[in-house]
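If you want the building blocks of each chain, they are given just below.
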Amino acid sequence: MTETRTNWAGNVTFRAGRLHRPDTLDELRKLVAGRSRLRTLGTGHSFNRLADTTGDQVSVAGLPADLRFDPAGPRVRVPAGLRYGDLVARLHAAGWALPNLASLPHISVAGACATGTHGSGDRNGGLATSVSALRLVTADGDLVTLDRRADPDRFPGSVVALGALGVVVDLTLDLVPAFDLRQYVYQDLPRAELDAHQAEVFGAGHSVSLFTDWTGPRFNQVWIKRRVDDPGPWQPTPRWFGATLADRPLHPVPGMSAENCTGQLGEPGPWYARLPHFRLEFTPSSGEELQSEYLLPRTRMTEALDAVDRVRHLVAPVLQISEIRTVAADDLWLSPSYGRDSVAIHFTWVKDPEAVAPVLAAVERELAGLGARPHWGKVFAVPAAELRDRYDRHGDFLDLMRHFDPAGKFRNELLDTYFPR
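Structure report, in brief. (Residues numbered from 1 in each chain as written. Predicted model: local features only at pLDDT ≥ 70, side-chain atom pairs only at ≥ 80, totals over all residues. Heavy atoms only, no water.)

### Side note on the layout of surface pockets
Size it by volume and the second largest pocket reaches roughly 410 Å³. Lining the second largest pocket are 20 residues, and of these Phe47, Asn48, Arg49, Val379 and Phe380 sit closest to its centre. Listed by contribution, the elements that provide at least two residues to the lining of the second largest pocket are α8 (353-367) and α11 (413-418). Among the elements that take part in the lining of the second largest pocket, α8 stands out by supplying 5 residues, more than any other. Here the lining of the second largest pocket is composed, by residue class, of 13 nonpolar, 3 polar and 4 charged. (1 Å grid on protein atoms, 1.4 Å probe; cavity = no way out; pocket = protein on both sides within 12 Å on 5 of 7 lines; lining within 4 Å. Points joined across faces, edges and corners; volume = space filled by probe spheres on them. Helix = DSSP H or I, 4+ residues; strand = E, 2+ residues; numbered from the N terminus. Nonpolar A, V, L, I, M, F, W, Y, C, P; charged D, E, K, R; others polar.)

### Comments concerning the environment of Arg149
Within the secondary structure layout, Arg149 lies in the loop between β8 (143-147) and β9 (167-174). Sequence separation between Arg149 and Ala133 is 16 residues, and the spatial gap between their C-alpha atoms is 8.6 Å.

### Some thoughts on the sheet that holds β9
What the 5 strands build is an open sheet, ordered β4-β5-β9-β7-β8; its pairing is antiparallel. Looking at which strands have only one partner, the edges of the open sheet turn out to be β4 (68-69) and β8. Here β4 runs beside strand β5 (residues 75-79); their pairing, made up of 2 bridges, is antiparallel. By the bridge assignment for β5, Arg68 is matched with Arg77. (Pairing = 2+ DSSP bridges.)

### What to know about the pattern of salt bridges
Here the structure, examined in full by the defined rule, presents 28 salt bridges. Notably, a salt bridge pairs Asp56 with Arg35, separated by 3.3 Å at the nearest N-O pair. With Asp56 in strand β3 (residues 56-58) and Arg35 in the loop between α1 (25-33) and β2 (38-40), this residue pair connects regions lying 21 residues apart in the sequence. When its relative accessible area of 12% is taken as the criterion, Asp56 is described as buried. With its nearest N and O atoms 3.5 Å apart, the salt bridge here joins Arg325 to Glu323. By relative accessible area, which is 5% here, Arg325 ends up buried. Salt bridges here are not isolated pairs; linked through shared partners, they connect Arg77, Arg135 and Asp170. (Salt bridge = Lys/Arg side-chain N within 4 Å of Asp/Glu carboxyl O. Buried < 20%, exposed > 50% of the residue type's maximum accessible area, 1.4 Å probe, protein only.)

In structure tokens form, the structure reads like this:
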């Protein structure tokens, strides 16, 4: 009897027949070569059918979890199935860090990079920008290495690749020296102050996030994650652009306990204990949510916020919280920040697909003329023709898919929709 499997949120029941969990690389290669249809399943934090297939699924979480530091430079080779939360303390103990992390440390390295997941910060690219090489098992079971320096023509298309080129077994990540952060939270930032001081607000820290419930012209909270060694002039003050410095730890969602959030109130801590919003040892929520996110040109932030504001009467009733962040431009073909500094507008919805669907359609209509690119792992309904036009290298990626997977072993319904043969 086939086991029933769902994604983390429970809004997707996978159609795939079996989930394989190989323990060795040789076992994985034989498995891949012997299947006609196969998709990789990570931690299940995608909210759509990106990880699903009419064939079988495979998890690489059971492969050896050894880290291999490069003696020639600050790099480390990381198993693809390792969660960030299980990686970061090991890096820190060796004196190293990653430049940025996502809101959740519970996601796998390969899954996050493959879907264009990101954190926040004017000068911080998405998580995939730390990748300098990767190894993957291709459709015929071969082990292939793609490297930023050795293969500059194909590498930018192979990192944010949606699992379409093969099964990634490990990634090499560029590192920076370990650093400490202080986290401050401000409440009730007026929208007018943000419009007048965008550069100052988002430039206040290494990472800055704004949270709003879209019920009025203000942001409920501003989370500022500032490096302890930052020599810049910014200092926390009781009032800042009309917002008030919080005097107690807060959760982004009103009414929820801050116990599972990372340290606030300016208490210094290592990078990995401040960059995420949520602590690894706590589950940030029970999965009772849906998520969508759209990345737009940073230069059009005001227009993008105005667009959502026009339908806030629809958004607010089905929303838990919305987060606004900035992300630096990169050169990865399918990255939502490809070629442009971006503003990301994230929605954490209630877990009611029927209620959310018409609201999502309204949001996408409002953002359509601004070049919005949806996060690949979240809920979206942008027509394929429109999404194709928003990616300059769409055709090049389609060629790369045909090269590595000519028979379509790693294809599925979502890929066939947005990257038709």
